[in-house]
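# A closer look at the structure
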Amino acid sequence: MIDIKDLRDDPEKYRRGAELKNVTVNIAAVLDLDGQCTRAQLEFDRLKAEQNELSRKIGQAKDAGEREEMKAKAGSFKPALQELELKRKTVEAARDELLLQIPQPPDSDVPIGKDAADNVVLYTHGETRRFEFKPKSHIELGKALDLFDFEAGVNLAGSRSYFLKGAGADLHQAVMRLALDMMTREKGFTQLTVPVLVRDVAMQGTGFFPASREQAYHVKEDDLFLTGTAEVGLTAYLMGQTLEESSLPRKFVAASTCFRREAGTYGKDTAGLYRVHQFDKVEQVVICRNDVEESKKWHKEMLSYSEEVLKRLKLPYRVIQCCTGDLGVKNASMMDVETWMPSRFDGKNPASGYGETHSASRLYEFQARRLNLRYKGADGKLRFVHTLNNTVVASPRILIPILENYQNADGTITVPDALRPHMGGRERIG
């Protein structure tokens, strides 16, 4: 959770941080409960010390009557001690429940803003394609080339469901393989296969609960939750452990199926493959030393891996610095990558043609505190690690810019060079 000592020392930092993130929290209530908890503990310690001192004197007393009198007095402390212990535990539980709702304050270099409309474009890469024919959307292309089936998906699983078929499924697997091979064979990440059904402690520990509980699918019979990203498994993999500093950084990557309820999302993004309930994602997580500059370095490095995938696919994109109101509860800073999707372009505003495909976050010790994940420094001191995460690629969303940017006038799709080795050398779909 939030460092309670830091909260006591600088409550305004957390009040302001919550305000900037549009999160409603009652810092005064937390501090009041914390004070009650401290006072109950101090009174418990005082009475316990008196009881212990009395017990010591009992052993020294020679008169039997005096010993019995002191024993009775020592026993009289028990109800008060039990009451104080119960009060401390009750108040502490209430305090900790509120602590879990306090967001991590945004970094000072994060632009202030209300929501995604206030995000800042850092830079763009690649030129958008100018078509000599009327381009089709990925929905039209998929239907014409029999790459996916939305009707069958809806019949089987409800809204925002789909089947990938034939070359569509091949393309999906090729993108995933490209990303995994790059991260494991070239970037030195250790691949894990992670659980996608996890306990509450993993979701809470990684910061997805309580703030985003409504976005998770709950399997009530087993009290387990379907994860919306492999970040949960990768980050919680070492929870409760104390690592050696020499073993850091730990670099993990996983391909997993992800599930999101997408509660509260409507509009054009719900059509086609853009915002679906089930998808696959290659996710990267870095666990490093408790050092702000090291975290910032890894943030840029991890972002570059996402960009490298898009560069290999030769897709135009732009990098966004998310503003305070778009960071979410757990992130100190977050950068999104938006890839050019021709069907989204309104013909006037270039920004309309970009759609989010990646998100890179640094979280400092926010998750580590919840997961009790620490390391022993060279000086022998224990510190919480820092954690970071980023999308390497998410599919089928990434299929949208691939299909739309690589379409040909005759209705076929050119397979990007980078994917051909993973598709048996195939050069064209159609």
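In the block above lies the structure referred to throughout.
These figures come from a predicted structure and were not determined experimentally.

Definitions and cut-offs
- Residues numbered from 1 in each chain as written.
- Predicted model: local features only at pLDDT ≥ 70, side-chain atom pairs only at ≥ 80, totals over all residues.
- Heavy atoms only, no water.
- Salt bridge = Lys/Arg side-chain N within 4 Å of Asp/Glu carboxyl O.
- Helix = DSSP H or I, 4+ residues; strand = E, 2+ residues; numbered from the N terminus.
- Buried < 20%, exposed > 50% of the residue type's maximum accessible area, 1.4 Å probe, protein only.
- Patch = residues over 30% accessible without salt bridge, like charges linked within 9 Å, V, L, I, M, F, W, Y side chains within 5 Å.
- Areas by Shrake-Rupley, 256 points an atom, 1.4 Å probe, with all protein chains shown as cover.
- Arc of directions from axis to C-beta.
- Contact = heavy atoms within 4.5 Å.
- Phe/Tyr/Trp six-rings, centres within 6.5 Å; stacked < 30°, edge-to-face > 60°.
- Lys NZ or Arg CZ within 6 Å of the ring centre and 35° of its normal.
- Pairing = 2+ DSSP bridges.
- Core = buried A, V, L, I, M, F, W, Y, C linked by side-chain atoms within 4.5 Å.
- Disulfide = S-S within 2.5 Å.
- Axes fitted to C-alpha atoms, helices over the stretch in contact; angles between N-to-C directions.
- Parallel < 35°, antiparallel > 145°, perpendicular 65-115°, else oblique.
- Left-handed = near helix turned anticlockwise from the far one by under 90°.

### Notes on the pattern of salt bridges
- Within the structure shown, the criterion is met by 33 salt bridges.
- Taking the shortest distance from any N to any O, the salt bridge between Glu12 and Arg15 comes out at 3.8 Å. With Glu12 and Arg15 both in helix α2 (residues 11–20) and 3 residues apart, the pair spans about one turn of that helix.
- For Glu12, a relative accessible area of 46% gives the class partly exposed.
- The partner of Glu92 in a salt bridge is Arg95, with the nearest N and O atoms 3.9 Å apart. Of this pair, Glu92 and Arg95 are both found in helix α5 (residues 77–99), 3 residues apart, which corresponds to roughly one turn of the helix.

### A word on a nonpolar patch on the surface
- Taken together, the side chains of Val120, Leu122 and Tyr123 present a nonpolar region at the surface, about 230 Å² in accessible area.
- Note that Val120 resides in strand β1 (residues 120–125).

### Some words on helix α6 (residues 138–145)
- Taken together, the buried positions of α6 are His138, Leu141 and Gly142. Along the axis of α6, the buried residues cluster in a sector spanning 100 degrees; they form a single face. The exposed residues of α6 that point more than 90 degrees off its buried face are Lys143 and Ala144.
- Buried residues along α6 sit in contact with β2 (148–149), α13 (399–405) and β17 (413–414).
- Asp146 occupies a position one or two residues after α6 and carries a positive phi of about 55 degrees.

### Thoughts on the packing of aromatic side chains
- Taken as a whole, this structure holds 7 aromatic pairs when the rule is applied.
- Ring centres of Phe148 and Phe150 lie 5.3 Å apart, and the angle between their planes is 55 degrees; this geometry places the pair in the tilted category.
- Put simply, the rings of Trp340, Phe345 and Tyr354 touch in pairs and so form one group of aromatic residues.
- Above the ring of Tyr274, the side-chain terminus of Arg344 is found at 4.3 Å from the ring centroid.
- Sitting above the plane of the Tyr274 ring, Arg397 keeps its charged end 3.8 Å from the centroid.

### Description of the side chain of Ser256
- Of note, Ser256 is situated in strand β9 (residues 250–259).
- Beyond its immediate chain neighbours, meaning those up to four positions away, Ser256 contacts Val194, Val196, Thr229, Ala230, Phe279, Asp280 and Lys281.

### What to know about the sheet that holds strand β6 (residues 217–219)
- The sheet built from 3 strands is open, its strands ordered β5-β7-β6 with antiparallel pairing. Looking at strand neighbours, the two that pair on one side only are β5 (197–198) and β6, the edges of this open sheet.

### Examining the nonpolar core
- Ile398, Ile402 and Leu419 are the most contacted members of the largest nonpolar core, which has 53 residues in total.
- Only α8 (166–186), β9, β10 (278–288), α11 (292–313), β11 (317–321), β12 (333–340), β16 (386–395) and α13 provide two or more residues apiece to this core.
- Among the elements that make up this core, the one with the highest residue count is α8 (10 residues).
- The contact partners of Ile402, leaving out residues within four places of it in the chain, are Leu171, Val175, Leu313, Leu315, Pro416 and Leu419.

### Description of the state of the cysteines
- On inspection of all chains with the given rule, the structure shows 0 disulfides.
- Free of any disulfide, Cys288 has its nearest neighbouring cysteine sulfur in Cys322, separated by 20 Å.
- The class for Cys288 is buried, based on a relative accessible area of 0%.
- Cys322 forms no disulfide, and the closest cysteine sulfur to it belongs to Cys323, at a distance of 7.3 Å.
- Given a relative accessible area of 0%, Cys322 falls into the buried group.

### Focus: the sheet that holds strand β13 (residues 354–362)
- Strand order in the open sheet formed by 8 strands is β1-β11-β12-β13-β16-β10-β9-β4, and the pairing between neighbours is mixed. Of all strands in the sheet, those bounded by a partner on one side alone are β1 and β4 (190–191).
- In this sheet, β16 lies alongside β13 in antiparallel orientation, the contact comprising 3 bridges. Considered in β16, the bridge of Ser361 is made with Asn389.
- Against the sheet, α8 contacts β4, β9, β10 and β16, and its axis sits at roughly 150 degrees relative to β16.

### A word on the packing of α8 against α11
- Orientation of α8 relative to α11, taken along the N-to-C sense of each, is 125 degrees, at an axis distance of 11 Å. Relative to α11, α8 is oriented oblique. Judged by the sense of rotation from one axis to the other, the crossing of α8 with α11 is right-handed. When α8 is examined against α11, the residues Leu178, Met182, Met183 and Glu186 are found in contact with a partner set consisting of Tyr305, Glu308, Val309, Arg312 and Leu313.

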